[in-house]
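Commentary on secondary and tertiary structure
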Amino acid sequence: MAEAADFQGMSPSPARRWMRRTGALLAGAPLLAGLLQLPAAATTHAAMQDSVQDSVQAASGPGTVAVAVDSLTPTVPGEGDTLTVSGTVTNKGKQAVTDAQVDLRLGAPLNTRSAIDTVAARTGYQQGLDGAPVGGKYVKEFSKLTPGVSQPFSISVPVDKLDLGEDGVYEFAVSLSGETAAQQWDQVLGIQRTFLPWQPDEAGTKTRTTVLWPLISSSHMTAQTGSDESQTPVFRDDDLAKEISPGGRLQQLVSLGKELDVTWVIDPDLLASVDAMTESYRVQGEGDTTRPGGYRAVAAQWLAELQDAVQDKEVVALPFADPDLASLAHNGTNATGSLNHLKEATDVAADTVDSILHVEPTTDFAWPVNGAVDPSIVKVATSAGADKVIARNDSLVETGGLPYTPSAARPIGGGTTAVVADARMSTAFQGNLTKASSSTLAVQRFLAQSLTLNLQTNKQRSIVVAPQRMPTTSQAQTMAEAVSALQDGTWSQSQELTAAATAKPDSAATTKVPAASQYPSSLRKQQLPRAAFEQVATTQDKLDKFKVILTKQSRVVTPFGRAMNREMSTSWRGRSAEAADYRNGIEAYVDSLAGQITLIEKSETKLSGRSATIPVTVQNNLVQGVDHLVLRLTSQSPRRLEIGGDSYYEQRVAVSGGHSQTVKFTTSAQANGQARVVAQLFTEDGQPYGSPVTFDVKVTEFTATVMLVIGGGFLLLVLAGFRMYTQRKRAAARRAEEDASQEPSETDGDPENPEGPEDRLTPEELREEESDTGPRADAPEQPSDPTPDTAAESADPSGTGERVDR
């Protein structure tokens, strides 16, 4: 961005120019004396050059002593204030430093924002550039600094002793000078630069500054819910509980933000997740196990604090789960349903925030990662209804040669406004700010950029600060300190984001959105891949096929819909493995639910006779009932076996949760043999549901009952034959005895009768017995008795398998 090189009234006073020149001369005297002491006869020209270079390097003391400025108060001093600078000095060298002294150095005013960047990037002491010591009693002396040991310092100086001139930003440094055994002359061995904003009186024209305060987290909830009526949610981990607990990142953001005049930018998914934690919830454990969550009170307290913090403040609701607009634009638009998910995420945002925080949010802002835009990102961002895109001026770069930073609002065509945040101020709080010195430098640099921006022109402008989405605890604390100082300052006034977006745009500011080829490669590498959006589409397709059979679709549609929003979240950037695990878990869960409605496997079925019924059982292991299903039974050999008079037959199925239903199909056999039968569930629109069940049906001519009757008749014939045989033997024996008794006796001539006349059967009795039981065994065989010509049918039982009802 082009800037003015100089501004009127910004040149240093003659007295101060004289002081800086005198200081530079005095600082160079020891170096000159050291060089003159070198024996001229013992050195060559080359050696002399090396010595000069080494001496200069020793004078600058790079890395010899580390100077840390831990605090500078007040951050923006005014007339009559006393400036206190505290910190530590640490000897990082191998030799002790003697006669050490900490000095405060005030440099010249910095006229441009780029000059601030140059000073911040400079390392090591540079004589003539780092200002002259304040001197006098405003120093801290150490007789000795031992290697590896840190020493604290604190110096307080009245502001009027600094001889500050016109309004502006001054380079301010803390340096340590001293001697070592190897270099026994006073020299600067370490320095730390910062900035001192100076605007004691109210500015005639103040910058309207909008600070976004992001309340965003990563995705924590799964699609899984309990089988109870309230559908107890299941979380992936307890990380969110840690963030909202006292001292946690999100707790600090709420606590700090409520004291500031900022615009809250909130992900509704975060609110929905914490709200779910206020009731019973569970957390995934090892394998498929879950355990009870234990942070209900913490969640309720955090929400109560947030509700209080946002009252009477502007709240911007992002689409649910903060979808990655750039990834969607570059890799997801060709995946079925991706833009529909973005629309759904936008539609539920307002209701979610309103129902939980009881404030009506603004939902017409889209915020791509780091404010980086191109035409495809703008198109996707506005496709769901947003008409304002939060960009950044390191993406929408000024090309018109403006000597100042223009206002944030830029019309970029199609009724869309780009709200361009200031990159320097927005990135001031990145990196590791856990050390007090790092935090102090970030605060002073932020304030310096803001004041210099305000002094660029007398024209009032609207500036937006859009920091990183998920600042750490230390970053949030540093942000709060800087914003608080800015809002208490004299050159800036707070403004809501909506006001900044609707402010009159600068006619000379650029409105051209950069081409897709200019999208930063570092950001492109972190995008969700095309495969991620294709997997979301696959999961949605499975859900669509599953939900149509449910009697209570909302129990499944809502948690899965929100889970698929989370699959597209910006929070997955740089976490590709975790993102894939999350997507796989969602898809596997919908598969497992759909697999709870199954057909019971069947073994071979035997069908005897011309017709019978075949039972098929549908099992529902879900907690809710299923309906709108059709069970089709198909014969793959219809010439042998017909089902319902055709090759297949269908019946509607409705099964209550946790129950099974047996459906019977009427079949008719056309020929003996084996027929293959397939049972398959279908949805009402004809889509196959689940896996088919295939089994064989063995068709025979006779039934088991007929075989039993035949076997029984054969057994009766065998018993009757045996009885006839025994009776014939007895009759033959009687005739033999009768013949013997009729012969004349040699003694008396009477026939023998050993059994007596009562044992003899009369002809009439014999005929009667034969009529009842068949021919007697002792009767002579008749020529008309036929001999059997076929063997009796086997009465052995049939093979194993299912029987069917007739």
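Residues numbered from 1 in each chain as written. Predicted model: local features only at pLDDT ≥ 70, side-chain atom pairs only at ≥ 80, totals over all residues. Heavy atoms only, no water.

1. Considerations on the overall build of the protein chain
- A tally of regular secondary structure across the protein chain gives 20 helices and 31 strands.
- Counting every position in the protein chain, which comprises 806 residues, the buried fraction comes to 46%.
- Pairs at least 24 residues apart make up 78% of the contacts formed inside the protein chain by residues separated by at least 6 positions. (Helix = DSSP H or I, 4+ residues; strand = E, 2+ residues; numbered from the N terminus. Buried < 20%, exposed > 50% of the residue type's maximum accessible area, 1.4 Å probe, protein only. Contact = heavy atoms within 4.5 Å.)

2. Digging into the sheet that holds strand β13 (residues 282–284)
- Ordered in space as β10-β11-β13-β14, the four strands form an open sheet in which the pairing is mixed. Two strands close off the open sheet at either side, each with one partner strand: β10 (221–225) and β14 (290–292). Strand-to-strand twist of the sheet, defined as the mean angle between neighbouring strand axes without regard to direction, takes the value 40°.
- Relative to β14, β13 is paired through three bridges, and the arrangement is antiparallel. Its bridge partner lying in β14, Q284 is registered against T290.
- Taken strand by strand, helix α6 (residues 268–277) contacts β10 and β11 (233–235), and its axis lies near 110° from that of β11. (Pairing = 2+ DSSP bridges. Axes fitted to C-alpha atoms, helices over the stretch in contact; angles between N-to-C directions.)

3. Some words on the packing of aromatic side chains
- On inspection of all chains with the given rule, the structure shows five aromatic pairs.
- Between F429 and F446, the ring centres sit 5.1 Å apart and the planes meet at 45°, which makes this aromatic pair tilted. In this pair, F429 sits in the loop between α11 (423–426) and α12 (436–454) while F446 sits in helix α12, placing the two residues 17 residues apart along the sequence. When sorted by exposure, F429 lands in the same class as F446, which is buried.
- Look at F560 and Y589: their rings are 5.6 Å apart centre to centre, the planes differ by 20°, and that puts the pair in the stacked class. (Phe/Tyr/Trp six-rings, centres within 6.5 Å; stacked < 30°, edge-to-face > 60°.)

4. Here we look at the environment of P467
- With respect to the helices and strands, P467 occurs in the loop between β20 (462–465) and α13 (473–487).
- With residues up to four places along the chain from it excluded, the contact list for P467 reads L212, P214, W367, S426 and M479.

5. Structural notes on the pattern of salt bridges
- For the structure on display, the rule yields 32 salt bridges.
- The salt bridge involving R566 is made with D269; its shortest N-O contact spans 2.9 Å. On the criterion of sequence distance, the pair formed by R566 in helix α17 (residues 554–567) and D269 in helix α6 is long-range, its members being 297 residues apart.
- Three or more residues are tied together by salt bridges with common partners; here these are R122, D130, E171 and R193. (Salt bridge = Lys/Arg side-chain N within 4 Å of Asp/Glu carboxyl O.)

6. Observations regarding the nonpolar core
- Counting 74 residues, the largest nonpolar core has F546, F560, I597, L631 and L633 as the members making the most contacts within it.
- The element best represented in this core is helix α18 (residues 576–594), accounting for six residues.
- Among all residues touching F560, those that are not within four sequence positions of it are A223, L543, I586, Y589, V590 and L593.
- If you look at the next biggest cluster of nonpolar residues, it comprises 63 residues, including V211, W213, V310 and L486. (Core = buried A, V, L, I, M, F, W, Y, C linked by side-chain atoms within 4.5 Å.)

7. What about a nonpolar patch on the surface?
- Taken together, the side chains of L715, L716 and L719 present a nonpolar region at the surface, about 320 Å² in accessible area.
- Within the element layout of this structure, L715 appears in helix α19 (residues 704–741). (Patch = residues over 30% accessible without salt bridge, like charges linked within 9 Å, V, L, I, M, F, W, Y side chains within 5 Å. Areas by Shrake-Rupley, 256 points an atom, 1.4 Å probe, with all protein chains shown as cover.)

8. With respect to the environment of S219
- Here S219 is to be found in the loop between β9 (207–215) and β10.
- Residue classification places S219 among the buried residues on the basis of a relative accessible area of 1%.
- When near neighbours in sequence (up to four residues on either side) are disregarded, S219 contacts R236, D269, R566, S569, S571 and W572.

9. Section: helix α16 (residues 530–547)
- The terminal C-alpha atoms of α16 lie 26 Å apart, and with 18 residues this matches the ideal 26 Å at 1.5 Å per residue to within 8%.
- For α16, the set of buried residues is A532, F533, Q535, V536, A537, T539, Q540, L543 and F546.
- The inward-facing, buried residues of α16 abut α8 (325–332), α9 (338–357), α17, α18, β22 (597–599) and β30 (688–700). (Expected span 1.5 Å × (residues − 1).)

10. What to know about helix α3 (residues 113–121)
- For α3, every residue scored as buried is listed here: R113, I116 and V119. Projected onto a plane normal to the axis of α3, the buried residues spread over an arc of 115° and lie on a single side. Exposed and oriented more than 90 degrees from the buried face of α3 are T118 and A121.
- Its buried side turned inward, α3 meets β3 (97–110), β7 (168–179), β8 (187–198), α11 and α12. (Arc of directions from axis to C-beta.)

11. Some words on the pairing of strand β23 (residues 605–608)
- Of the two faces of β23, the one carrying T605 and L607 and the one carrying K606 and S608 are both buried.
- Here four bridges tie β23 to β30, and the two strands are oriented parallel to one another. Paired with L607 across the strands is V699, a residue of β30.

12. A look at the sheet that holds strand β18 (residues 409–413)
- Read across the sheet, four strands follow the order β16-β17-β19-β18 without closing on themselves; strand pairing throughout is mixed. The sheet terminates laterally at β16 (365–366) and β18, the two strands that pair on one side only.

13. Quick notes on the packing of helix α5 (residues 249–257) against helix α7 (residues 296–309)
- Here α5 crosses α7 at 30°, and the two axes come no closer than 9 Å. It follows from the interaxial angle that α5 and α7 lie roughly parallel. Relative to α7, the crossing made by α5 is left-handed. On α7, the residues that touch L250, Q251 and V254 of α5 are W302, E305, L306 and A309. (Parallel < 35°, antiparallel > 145°, perpendicular 65-115°, else oblique. Left-handed = near helix turned anticlockwise from the far one by under 90°.)

14. Some words on the side chain of T440
- Looking at where T440 falls in the secondary structure, it is placed in helix α12.
- Taking the relative accessible area as the measure of exposure, T440 reaches 9% and is therefore buried.
- There is a polar contact of 2.6 Å between the side chain of T440 and the backbone oxygen of D70.
- Apart from residues lying up to four places away in sequence, T440 is in contact with V69, D70, S71 and L72. (Polar contact = N/O pair within 3.5 Å; in protein donor to acceptor, adjacent residues only side chain to side chain.)

15. Topic: the side chain of D696
- Its place among the elements puts D696 in strand β30.
- At a separation of 2.5 Å, a polar atom in the side chain of D696 contacts the side chain of R676.
- Non-local contacts of D696, meaning those with residues more than four positions away in its chain, are made with S603, E604, T605, Q674, A675 and R676.

16. Observations concerning unusual backbone geometry
- Going from T73 to P74, the amide bond is cis rather than trans, its omega being -10°.
- Structurally, P74 is set in the loop between β1 (65–73) and β2 (82–91).
- In this structure, A321 takes a positive phi of about 75° despite not being glycine.
- Assignment of secondary structure puts A321 in the loop between β15 (315–317) and α8.

17. Some details on the confidence of the model for the protein chain
- In this model, the protein chain carries an average pLDDT of 85, and 82% of its residues clear a pLDDT of 70 or more.
- In this model, residues 744–763 is a region of pLDDT below 50 whose contacts with residues beyond four sequence positions or in other chains number 15 contacts.
- Contacts for the low-pLDDT stretch residues 765–806, under 50 throughout, to residues beyond four places or in other chains number 68 contacts. (pLDDT = per-residue confidence, 0-100.)

18. Points about the packing of α16 against α18
- As a packed pair, α16 and α18 sit with axes 10 Å apart at the nearest point and diverge in direction by 15°. As the angle between them shows, α16 and α18 are arranged roughly parallel. Considering only the axes of α16 and α18, their crossing is left-handed. Every residue of α18 that contacts α16 at A532, Q535, T538, T539, K542, L543 and F546 is listed here: R583, N584, I586, E587, V590, D591, L593 and A594.
- Here the contact of α16 with α18 is built from residues that sort into seven nonpolar, four polar and four charged. (Nonpolar A, V, L, I, M, F, W, Y, C, P; charged D, E, K, R; others polar.)

19. Overview of the environment of K388
- In this structure, K388 sits in strand β17 (residues 388–392).
- Considering only alpha carbons, one finds K388 and F365, 23 residues apart in sequence, at a separation of 4.8 Å.
- When residues no more than four places from it in sequence are discounted, the contact partners of K388 are D364, F365, A366, T417, V419 and A501.
- Engagement of the side chain of K388 in a polar contact is seen with the side chain of D364, the distance being 2.9 Å.

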